[in-house]
Amino acid sequence: MLKTLKTLKTPIMLAAVFSASALFSGCTKKTDDQSGTAQVAAVKSEPSGAQASEIVIGEYGSFTGNEATFGQSTDKGLKMAIDETNKAGGIKGKQIKLIALDDQGKAEEAAAVVTRLITQNKVVALIGEVASSRTLAAAPIAQEHKIPMISPSSTNPKVTEIGDNIFRVCFIDPFQGTVMAKFAFEHLKVKKVAILRDVKSDYSVGLADYFIKKFKELGGEVVADESYQGGEMDFKPQLTKLKSKTPEAIFIPGYYTEVGLIARQARALNISAPLLGGDGWDSSKLFEIGGKDINGSYFSNHFTTESTDPAVVDFLKRYKEKYNGETADGLAALGYDAGKILIAAIERAGEAKPELIRAEIAKTKDFVGVTGKISIDSQRNATKPAMVVKVDGNVNRYVTTITP
Ligand code: PHE
């Protein structure tokens with residue numbers, strides 16, 4: 001199925017002033033609830049004996065480092081959801097307070113900041129991470145402390161298998177791999193592909209495998225399967241090997257920084273085969289790094305800025321107003337949806353207790369988000385369609401939608 005949608009104006013990419021500092025207020029008060037969980041909520045100038053006036057939510061993400069736009073965009077979307085709720089009076093009169101900590105794009109740091117959010121800041125729920133490897137490092141800690149966690153965008157299947165407190169609001173990689181294999185085989189009519197995967201990333205390794213499985217099932221051939229490690233900058237040895245196998249397309253399930261460099265080096269080596277990827281390409285920096293060499297490449301994603309759905313158009317408009325004309329990417333949209341789903345769950349729970357919130361997140365059904373309709377299934381995943389987009393400068397042109 002191929003749909004053409006009306007295009008939007010070229011986005012104005014302004015450097016947003018971003019602060020990932022933890023937001024502590026002056027004093028805190030401890031209250032023990034019946035389950036024995038100590039909860040800390042900030043107290044402003046309340047008369048003595050008043051209940052805690054805030055609900056404390058934690059967020060962890062890559063606000064700096066190699067994948068900084070992932071954390072920054074997610075944070076902007078999440079803050080937008082929280083600000084909207086707080087402006088409208090909060091949750092049953094209580095304001096939501098977000099404590100956002102930077103994990104610098106490192107798995108060990110993700111585990112450390114999540115421990116801090118739970119044990120020191122006493123958050124009642126967590127949002128994060130984007131990258132599967134970092135969510136996988138932090139989720140066991142949330143599970144152990146029974147603090148519900150929603151990953152907006154980690155697509156590796158293992159994430160939610162960690163336990164009953166771990167949720168996500170996006171599709172998973174067996175589906176995403178299928179989408180791109182079908183797109184390559186049926187839409188681009190490619191029969192021979194090469195793979196270039198990041199062996200340090202659970203996401204990349206898994207997605208490469210799911211793509212290969214489907215592509216072979218369809219009758220295609222994988223002529224090369226090369227690897228790199230996230231953070232590397234020279235991909236010429238791998239690309240030279242790939243080139244000798246004359247693939248008709250190259251599938252690179254990595255993150256934008258390396259993908260941008262790979263595109264430049266591939267074209268410099270006169271490799272003209274189209275480059276294909278997954279959601280990890282979604283960043284305003286992809287074109288900045290890859291330049292014209294990344295143009296014409298395709299990737300699967302959760303969101304398109306070219307949607308004509310009034311709710312999405314309105315979201316993009318409000319986001320632009322809030323963030324100096326910036327265009328929301330898929331992560332901003334997923335951060336927003338994850339925040340809205342968590343807020344709705346806390347509202348239904350009636351009380352900001354982790355166990356009650358966990359039970360309500362699990363009941364999420366037909367939630368109309370800006371990334372599609374979201375129902376949390378028994379495995380705590382969301383089944384949603386994926387969109388394929390084509391890189392065209394700073395805009396990712398919508399190509400088609402593939403449903404599960
Ligand atoms: N799906 C990627 C992962 O699991 C993360 C990602 C999602 C990156 C969406 C960009 C956009 O690691």
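Bear in mind that the values here come from a model prediction, so they are computed numbers and not experimental data. (Residues numbered from 1 in each chain as written. Predicted model: local features only at pLDDT ≥ 70, side-chain atom pairs only at ≥ 80, totals over all residues. Heavy atoms only, no water.)

A.B. asks: So, the overall build of the protein chain: which residues are in play, and what are the values?
C.D. replies: Broken down by element type, the protein chain carries 12 helices and 16 strands. Looking at the protein chain as a whole, 57% of its 404 residues are labelled buried. Of the contacts formed within the protein chain by residues at least 6 apart in sequence, a portion of 66% connects residues at least 24 apart. For the protein chain, the computed accessible surface area is about 16400 Å², with 53% contributed by carbon and sulfur atoms. (Helix = DSSP H or I, 4+ residues; strand = E, 2+ residues; numbered from the N terminus. Buried < 20%, exposed > 50% of the residue type's maximum accessible area, 1.4 Å probe, protein only. Contact = heavy atoms within 4.5 Å. Areas by Shrake-Rupley, 256 points an atom, 1.4 Å probe, with all protein chains shown as cover.)

A.B. asks: Would you mind going over the sheet that holds strand β10 (residues 249-251) in detail, with residue names and values included?
C.D. replies: Taken together, seven strands build an open sheet; the order of strands is β9-β8-β10-β11-β12-β15-β16 and the sheet is mixed. This sheet does not close on itself; its edge strands, each paired only once, are β9 (221-228) and β16 (395-402). Across the sheet, the axes of successive neighbouring strands diverge by a mean angle of 25°, strand direction being ignored. Sheet topology note: the strand β15 (residues 386-392)/β16 ladder contains seven bridges and is antiparallel. Note that in β16 the partner of Lys390 across the bridge is Arg397. (Pairing = 2+ DSSP bridges. Axes fitted to C-alpha atoms, helices over the stretch in contact; angles between N-to-C directions.)

A.B. asks: Any chance you could break down helix α2 (residues 107-119) for me, citing the residues and the numbers?
C.D. replies: With 13 residues, α2 ought to run about 18 Å at 1.5 Å a step, and its terminal C-alpha atoms sit 18 Å apart, in line with that. The elements touched by buried residues of α2 are β3 (54-61), β4 (95-102), β5 (125-127), α3 (132-145) and β6 (149-151). (Expected span 1.5 Å × (residues − 1).)

A.B. asks: Describe the packing of α2 against α3, with residues and values.
C.D. replies: Running from N to C, α2 and α3 point in directions that differ by 25°, and their axes come no closer than 8 Å. The angle between α2 and α3 falls in the class roughly parallel. The way α2 lies across α3 gives a crossing that is right-handed. On α3, the residues touching Ala107, Ala110, Ala111, Val114, Thr115, Ile118 and Thr119 of α2 are Ser133, Arg134, Ala137, Ala138, Ile141, Ala142 and His145. (Parallel < 35°, antiparallel > 145°, perpendicular 65-115°, else oblique. Left-handed = near helix turned anticlockwise from the far one by under 90°.)

A.B. asks: Any chance you could break down the pairing of β9 for me, citing the residues and the numbers?
C.D. replies: Relative to β9, strand β8 (residues 192-198) runs parallel, the two sharing seven bridges. In the strand pairing of β9, Ile195 is matched with Asp225. Handedness of the β8-helix α6 (residues 202-217)-β9 crossover: right-handed. (Right-handed = clockwise from strand over helix to strand, strands pointing away.)

A.B. asks: So what about the site of the ligand? Which residues, and what values?
C.D. replies: Near the ligand, the surroundings consist of 13 residues, among which Ser132, Ser153, Thr155, Tyr255 and Asp279 are the closest. Surface burial for the ligand is 100%, taken as the share of its 320 Å² of free accessible area covered by protein chains. A per-class count over the shell around the ligand returns six nonpolar, six polar and one charged. Both domains that meet at the shell around the ligand, namely domain 1 (1-171 + 306-384) and domain 2 (174-301), each give it at least three residues. (Near = heavy atom within 4 Å. Nonpolar A, V, L, I, M, F, W, Y, C, P; charged D, E, K, R; others polar. Domains from an automatic or database assignment.)

A.B. asks: Account for the packing of aromatic side chains, naming residues and giving values.
C.D. replies: Within this structure, the stated rule accounts for 14 aromatic pairs. Centroid distance Phe211 to Phe215: 5.5 Å. Interplanar angle 10°. Geometry classified as stacked. Taken together, the positions of Phe211 and Phe215, both in helix α6 and four residues apart, correspond to about one turn of that helix. We note that Phe211, like Phe215, is buried. Plain terms: the ring middles of Tyr319 and Tyr323 are 4.8 Å apart, the flat faces sit at 55° to each other, and that makes the pair tilted. (Phe/Tyr/Trp six-rings, centres within 6.5 Å; stacked < 30°, edge-to-face > 60°.)

A.B. asks: With reference to specific residues and values, describe the sheet that holds β4.
C.D. replies: Sheets are built from strands that pair by backbone hydrogen bonding, the pairs being arranged parallel or antiparallel. With respect to topology, five strands assemble into an open sheet ordered β4-β3-β5-β6-β7, the strand pairing being parallel. Looking at strand neighbours, the two that pair on one side only are β4 and β7 (166-168), the edges of this open sheet. Sheet twist, expressed as the mean angle between neighbouring strand axes with direction ignored, is 25°. Where β6 meets β7, three bridges bridge the pair, whose relative direction is parallel. Residue pairing across strands places Ser151 opposite Arg168, the latter belonging to β7. Taken strand by strand, helix α1 (residues 68-87) contacts β3, β4 and β5, and its axis lies near 170° from that of β4. Packing against the sheet, α3 makes contact with β3, β5, β6 and β7, and its axis sits at approximately 165° to β6.

A.B. asks: An account of the confidence of the model for the protein chain is needed here, citing residue identities and associated values.
C.D. replies: Reading fine detail from the predicted coordinates is not recommended where pLDDT is low. In the predicted model, the protein chain carries a mean pLDDT of 89, and 87% of its residues have values of at least 70. Counting contacts from residues 1-51, a segment whose pLDDT is below 50, to residues more than four positions away or on other chains yields 95 contacts. (pLDDT = per-residue confidence, 0-100.)

A.B. asks: Can you explain the nonpolar core? Please cite residues and give values.
C.D. replies: Ranked by internal contacts, the top residues of the largest apolar core, which has 56 residues, are Met180, Phe211, Ile252 and Trp281. Looking at this core, the element that brings in the most residues is helix α5 (residues 173-187), giving seven residues. Built from parts of two domains, this core gets at least three residues from each of domain 1 (1-171 + 306-384) and domain 2 (174-301). Excluding anything up to four places from it in sequence, Ile252 contacts Leu196, Tyr228, Val259, Ile262, Leu275, Leu276, Gly277 and Trp281. In this structure, Ile57, Val124, Val312 and Tyr319 belong to the second largest nonpolar core, which totals 41 residues. (Core = buried A, V, L, I, M, F, W, Y, C linked by side-chain atoms within 4.5 Å.)

A.B. asks: Explain the packing of α1 against helix α11 (residues 330-349) residue by residue, including any values.
C.D. replies: As a packed pair, α1 and α11 sit with axes 7 Å apart at the nearest point and diverge in direction by 40°. Classed by the angle they form, the pair α1 and α11 counts as oblique. The two elements α1 and α11 cross, and the hand of that crossing is right-handed. Two secondary-structure elements touch here, α1 through Phe70, Ser73, Thr74, Gly77, Leu78, Met80, Ala81, Ile82, Glu84 and Thr85 and α11 through Leu331, Ala332, Gly335, Tyr336, Gly339, Lys340 and Ile343.

A.B. asks: Account for α6, with residues named and values stated.
C.D. replies: Across its 16 residues, α6 extends 23 Å between first and last C-alpha, which sits within 8% of the 22 Å expected from 1.5 Å per residue. Here α6 has its buried residues at Tyr203, Ser204, Gly206, Leu207, Ala208, Phe211, Ile212, Lys214 and Phe215. Those residues of α6 hidden inside the fold are in contact with α3, α5, β8, β9 and β10.

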